[in-house]
Amino acid sequence: MLQTDMITALLIDDDSNLRTGMKGLLGMYAPDIHILGEADSVKTGISAIEHYQPNVIFLDIQLGDGTGFDILEQLAQKRGSINAHVVFITAHEQYAVKAFRFSALDYLLKPVDPEDLRKVTEKIKKVVTGNDSFAHIDLLLENIRKKVDKFKRIALSTAEGIHLFEVSDIIRLESQDNYTKFYIKDNKPVLISKTLKEYEDLLSEQGFERIHQSHLINLAYLKSYIKKDGGYAVMADNSHLPISQRKKERLQELLRTL
């Protein structure tokens, strides 16, 4: 009999050595995650998921008869019957990792680092599986299908659930310790438990600029740069944001090109 607080999981990877290694790591760092079964292909993976109905799926991208995305495509068609937290395992899929981050999905890089696994499993324990679990999976599949350089939507995970927003609607982001507050057009601010640095890396190629240690702005919503009082930026939401000394010249250069 499983404990009522035990988290059930399924390992889907075509590498038996990796599955064995993952079981060992989970046993050491997350003993309250119980592996119900394993699978090594798209076909056996779908069958195992339908049979075991796990809380968590550790899913490899490259499988012998397809990809982990193929599994998700089929699961998405059965959104009423399958509801699990997905953690991807990938070797070097740089594009996929970017898609995971925009979709607020968890992933582990091979070889799996114990500290990364610990962080992911701690997050899993806090997740309450809800009916919106496929919202960000849908976004992931959308981005994977299109294979565009710049993703148009982003998923933000909060304690209340997953929220999808157009990247073009994000006015600015503000650091609050280890959290980031998003200010989004026609929406209430959204607080996310990730650092501003993580979103700077994600959004820097999409017209966002870090103007201060606490502020990342969408240049499309920059109204003006005021030089007095030490220099500050005026945004479309009428916020006045400080500009760090080393960013002033950079911002003036950007303004000349806008």
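Now for a description of the structure that goes with this document. (Residues numbered from 1 in each chain as written. Predicted model: local features only at pLDDT ≥ 70, side-chain atom pairs only at ≥ 80, totals over all residues. Heavy atoms only, no water.)

Moving on, we get to the overall build of the protein. Of regular secondary structure, the protein possesses eight helices and 17 strands. Dimensions of the protein along its principal axes, counting C-alpha atoms only, are 70 × 35 × 30 Å. Per-residue burial over the protein gives 48% buried out of 258 residues. For the protein, contacts bridging at least 24 residues in sequence account for 58% of all contacts bridging at least 6. Put simply, the protein shows about 13500 Å² of open surface, and 47% of that area lies on carbon and sulfur atoms. Averaging the coordinates of the 34 positive side-chain charges in the protein and doing the same for the 37 negative ones gives two points 7 Å apart. (Helix = DSSP H or I, 4+ residues; strand = E, 2+ residues; numbered from the N terminus. Buried < 20%, exposed > 50% of the residue type's maximum accessible area, 1.4 Å probe, protein only. Contact = heavy atoms within 4.5 Å. Areas by Shrake-Rupley, 256 points an atom, 1.4 Å probe, with all protein chains shown as cover. Lys, Arg positive; Asp, Glu negative; His and termini not counted. Charge placed at Lys NZ, Arg CZ, Asp CG, Glu CD.)

This next bit is on a negative patch on the surface. Where like charges cluster on the molecular surface, the negative patch consists of Asp14, Asp15, Asp40, Asp65 and Asp70. If you trace the backbone, Asp70 turns up in helix α3 (residues 68-76). On the basis of relative accessibility, which here comes to 33%, the residue Asp70 falls in the partly exposed class. (Patch = residues over 30% accessible without salt bridge, like charges linked within 9 Å, V, L, I, M, F, W, Y side chains within 5 Å. Salt bridge = Lys/Arg side-chain N within 4 Å of Asp/Glu carboxyl O.)

This next bit is on the pattern of salt bridges. Inspection of every chain in the model, using the stated rule, returns 16 salt bridges. One salt bridge in this structure joins Asp32 and Lys125, with 3.5 Å as the shortest N-O distance. With Asp32 in the loop between α1 (16-29) and β2 (33-39) and Lys125 in helix α5 (residues 114-126), this pair connects stretches of sequence that are 93 residues apart. When the shortest N-O distance is used, the salt bridge between Lys125 and Glu122 registers 3.2 Å. Linking Lys125 with Glu122, this pair stays in helix α5, spanning three residues, or about one helical turn. Here the residues in one salt-bridge network are Asp13, Asp60 and Lys110, joined through shared partners.

Below, the discussion takes up α5. Across its 13 residues, α5 extends 19 Å between first and last C-alpha, which sits within 8% of the 18 Å expected from 1.5 Å per residue. Taken as a whole, α5 has its buried residues at Leu117, Val120, Thr121 and Ile124. Summarising the axial view, the buried residues of α5 lie within an arc of 100 degrees, below the 170-degree limit, and thus occupy one face. Residues of α5 that are buried in the fold lie against β1 (7-12), α1, β2, β3 (56-60), β6 (85-90) and β7 (106-109). Its side-chain oxygen placed 2.9 Å from the backbone nitrogen of Glu115, Asp113 serves as the N-cap of α5. (Expected span 1.5 Å × (residues − 1). Arc of directions from axis to C-beta. Polar contact = N/O pair within 3.5 Å; in protein donor to acceptor, adjacent residues only side chain to side chain.)

Hydrogen bonding along the main chain pairs the strands of a sheet, whether they run parallel or antiparallel. A sheet is described by the order of its strands in space; here three strands give the open sequence β15-β16-β17, paired in antiparallel fashion. The sheet is open, and its two edges are formed by β15 (222-226) and β17 (240-242), each paired on a single side. In this sheet, neighbouring strand axes are inclined to one another by 25 degrees on average, regardless of whether the strands run parallel or antiparallel. (Pairing = 2+ DSSP bridges. Axes fitted to C-alpha atoms, helices over the stretch in contact; angles between N-to-C directions.)

This structure, assessed with the given rule, holds six aromatic pairs. Note on Phe69 and Phe88: the rings are 5.6 Å apart at their centroids and 45 degrees apart in plane angle, and the pair reads as tilted. Here the residue Phe69 occupies a position in helix α3, and Phe88 occupies one in strand β6, the gap between them amounting to 19 residues. Classification of Phe69 as buried rests on a relative accessible area of 11%. Take Phe88: its relative accessible area is 0%, and that puts it in the buried class. Judged by centre distance (5.0 Å) and plane angle (70 degrees), the ring pair of Phe102 and Phe151 falls under edge-to-face. Of this pair, Phe102 sits in helix α4 (residues 94-102) while Phe151 sits in the loop between α6 (133-146) and β8 (153-158), placing them 49 residues apart in sequence. Members of the aromatic cluster, connected to one another through ring pairs, are Phe69, Phe88, Phe100 and Tyr107. Sitting over the face of the ring of Phe151, Lys98 holds its NZ or CZ atom 5.7 Å from the ring centroid. Of note, Arg172 hangs over the ring of Tyr183, and the distance from its end group to the ring centre comes to 3.7 Å. (Phe/Tyr/Trp six-rings, centres within 6.5 Å; stacked < 30°, edge-to-face > 60°. Lys NZ or Arg CZ within 6 Å of the ring centre and 35° of its normal.)

Next up on the list: the packing of helix α2 (residues 42-52) against α3. Following both chains from N to C, one finds α2 and α3 inclined at 40 degrees, their axes separated by 9 Å at the closest point. Classed by the angle they form, the pair α2 and α3 counts as oblique. Between α2 and α3 lies a crossing whose hand is right-handed. Residues Val42, Gly45, Ile46 and Ile49 of α2 touch α3, and the partners they reach there are Asp70, Ile71, Gln74 and Leu75. (Parallel < 35°, antiparallel > 145°, perpendicular 65-115°, else oblique. Left-handed = near helix turned anticlockwise from the far one by under 90°.)

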